[in-house]
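# Survey of secondary and tertiary structure
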Amino acid sequence: MNKISEVVSCLDGYDPNALRVDKAREAIRACLAPVEDCERVATRAALGRVLAQDVVPGFDVPAHDNSAMDGYAVRAADLRADGDTRLREIGAALAGRPFRGELGANECVRVTTGAVMPAGADTVVIQEVARVEDGAVVVPPGQKRGQNTRARGEDLKTGVAVLKPGRALTPADLGLIASLGIAEVNVRRRLRVAFFSTGDELASIGAPLAEGEVYDSNRYTLYGMLLRLGVEIRDMGVVRDDPALLEAAFTSAAANADAIVTSGGVSVGEADFTKQMMAKLGEVLFWRIAMRPGRPMAFGRIDAGGSSAALFGLPGNPVAVMVTFYQFVRDALLHLSGRSDDYSLPLLKVPAATPIRKVPGRTEYQRGVLFQDGAEWKVRTTGQQGSGVLRSMSEANCFIVLEHERGRVEAGEPVQVQLFDGLA
Ligand code: AMP
Ligand code: MG
């Protein structure tokens, strides 16, 4: 990692005390270098992993012209345009069992879907259209040359890379790789991410709750969000607000992980002793981001024993943790993992069902419910939007993303939404 303060000071409009969301994202990206190590894994184990090679077909897929339907393979030249054509059936080609002969004039071969096109045939007449009369196959007029056939190589062509490095492999990709007979692929190693919660008020599940304590829920949301990103996780528990304990936790995390995600301890009142301690261990910037929820956030690098890790110090409020994770950490960890495809979250525009309060000068991530109102999709907020109200995240199915400059939203005005779930 380069010296962070130098990298970020080169960015246009960089202001650590009122940092715009897009600037923060840009600053983080500019400071992080993806992991380079790779490993070979079996095709199925590569699901969700970041591809580290070109996938190049060694042969055409499909390997032969074949039938797209059940029916009869015919020669288009034999078919009459002005009336029925009577053809003689000379055999059958089934999927996996080709017909060995060749079609002559006015002959046809029965075919099933996927069967190799018999020599001489160029067109398939589906069985629902043809009829058998007095032992002959009768084809009505109106057929088109080449219909219902699939051309050799229409899916994949020999020598033309079909998958490029830097993408996370999808179920469709596994199928493509398998269709080429490839049993193993080269992928980047998984990113290792350590995480812990900080706070003297935190109790762990299983322990009784003393007065003034809250159960540590952030480590559970972080666990879920990290697992879904496909990274290797190391849960380091709760660390008390004590410089010596924090230093030990950061040092151990940096020695074993590529990135560290913490929650709590970055707000103004708490940051001071953390700042001093972190300055000793690496380089950490404390930002105030022009967003809601999630204003304070620390970003930087922690060094330990010759290796270093990227640090994301998230705010302690449960909703702020999730919002800052999805808006910054997700992007950063995917970049670190070696992704170079477009993994930005889609923003859809839908009308707001009710007015939404908003002040210009910060980006807001309100929790929303996208719902169908007759023929139209609309979005409403989940109600109470406090950054401690985790229920709002559970009830929501999307973020309503209200842009930096925007003010109050009237009912019916389009707003941007970011869906929580989708086909992966
Ligand atoms: P902090 O950012 O440390 O000042 O914390 C802000 C708020 O979030 C406080 O109300 C904390 O009690 C709460 N909080 C901090 N960490 C956690 C956690 N791990 N789980 C649940 N709530 C937390
Ligand atoms: Mg705290």
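Residues numbered from 1 in each chain as written. Chains lettered and ligands numbered in written order. Predicted model: local features only at pLDDT ≥ 70, side-chain atom pairs only at ≥ 80, totals over all residues. Heavy atoms only, no water.

Remark: the principal bend of helix 7 (residues 318-336), roughly 45°, maps to F325. In terms of burial, helix 7 is largely enclosed, as 18 of its 19 residues are buried. Directly after helix 7, the chain includes G338, whose backbone phi takes a positive value near 100°. (Bend = angle between axes of the 7 residues up to and from the residue. Helix = DSSP H or I, 4+ residues; strand = E, 2+ residues; numbered from the N terminus. Buried < 20%, exposed > 50% of the residue type's maximum accessible area, 1.4 Å probe, protein only.)

To continue, consider a negative patch on the surface. Taken together, the side chains of D200, E201, D242 and E270 define an acidic patch exposed on the protein surface. Summarising the element assignment, E270 is placed in helix 6 (residues 268-281). (Patch = residues over 30% accessible without salt bridge, like charges linked within 9 Å, V, L, I, M, F, W, Y side chains within 5 Å. Areas by Shrake-Rupley, 256 points an atom, 1.4 Å probe, with all protein chains shown as cover. Salt bridge = Lys/Arg side-chain N within 4 Å of Asp/Glu carboxyl O. Lys, Arg positive; Asp, Glu negative; His and termini not counted. Charge placed at Lys NZ, Arg CZ, Asp CG, Glu CD.)

Right, let's get into the site of ligand 1. Among the 15 residues in the neighbourhood of ligand 1, the closest are listed as E201, D216, G265, E270 and G316. S197 is positioned with one of its side-chain polar atoms (N or O) 3.5 Å from a nitrogen atom of ligand 1. Between an oxygen atom of ligand 1 and a side-chain N or O atom of E201, the distance comes to 2.7 Å. (Near = heavy atom within 4 Å. Polar contact = N/O pair within 3.5 Å; in protein donor to acceptor, adjacent residues only side chain to side chain.)

Counting across every chain of the model gives 8 aromatic pairs. On the numbers, 5.6 Å between centres and 40° between planes, the contact of F299 with F312 is tilted. Separated by 13 residues along the polypeptide, F299 in strand 18 (residues 296-304) and F312 in strand 19 (residues 307-314) bring together distant segments of the chain. According to the relative accessible area criterion, F299 is buried, its value standing at 0%. Ring plane angle 85° and centroid distance 5.9 Å describe the contact between F325 and Y326, whose orientation is recorded as edge-to-face. Grouping aromatic residues by their ring pairs yields a cluster made of F325, Y326, Y365, F399 and F420. Taking NZ or CZ as reference, K275 lies 5.4 Å from the ring centre of F286, over its face. (Phe/Tyr/Trp six-rings, centres within 6.5 Å; stacked < 30°, edge-to-face > 60°. Lys NZ or Arg CZ within 6 Å of the ring centre and 35° of its normal.)

Before going further, it helps to examine the side chain of Q418. The residue Q418 is located in strand 24 (residues 414-419) in this model. Residue classification places Q418 among the buried positions, given a relative accessible area of 7%. A polar atom in the side chain of Q418 sits 2.9 Å from the side chain of Q327. In this structure Q418 touches Q327, L345, P346, L347, C398, F399 and V401, once residues within four positions along its chain are discounted. (Contact = heavy atoms within 4.5 Å.)

This part is about the sheet that holds strand 11 (residues 192-198). If you walk across this open sheet you meet the 6 strands as 14-11-15-19-18-16, and the pairing is mixed. Either end of the sheet is taken by a strand with one partner, and the two such strands are strand 14 (232-239) and strand 16 (282-288). With direction set aside, neighbouring strand axes in the sheet form an average angle of 15°. In this structure, strand 15 (residues 259-263) lies alongside strand 19, joined through 5 bridges in parallel fashion. Within the sheet, the bridge partner assigned to A259 lies in strand 19 and is A310. Running over the sheet, helix 5 (residues 243-256) touches strand 11, strand 14, strand 15, strand 18 and strand 19 and is turned about 175° from strand 14. (Pairing = 2+ DSSP bridges. Axes fitted to C-alpha atoms, helices over the stretch in contact; angles between N-to-C directions.)

Moving on, we come to unusual backbone geometry. Cis geometry is found at the peptide bond from V61 to P62, where omega equals -10°. R292 connects to P293 through a cis peptide bond whose omega is -5°. By secondary structure assignment, the location of P293 is in the loop between strand 17 (291-292) and strand 18. Although it is not a glycine, N148 sits at a positive phi angle of roughly 60°.

Another aspect to go through is the pattern of salt bridges. The final tally for this structure, using the stated rule, is 33 salt bridges. The closest approach of N and O atoms between E283 and K3, which form a salt bridge, is 3.7 Å. Taken together, the positions of E283 in strand 16 and K3 in the segment before helix 1 (4-9) put the pair 280 residues apart, joining distant regions of the chain. The buried category is assigned to E283, whose relative accessible area is 13%. Here D22 ties to R20 by a salt bridge, and the two come within 3.6 Å at their closest N and O atoms. Of the residues examined, R20 reaches a relative accessible area of 31% and is grouped as partly exposed. Salt bridges sharing common partners tie together D84, R86, R131, E133 and D134.

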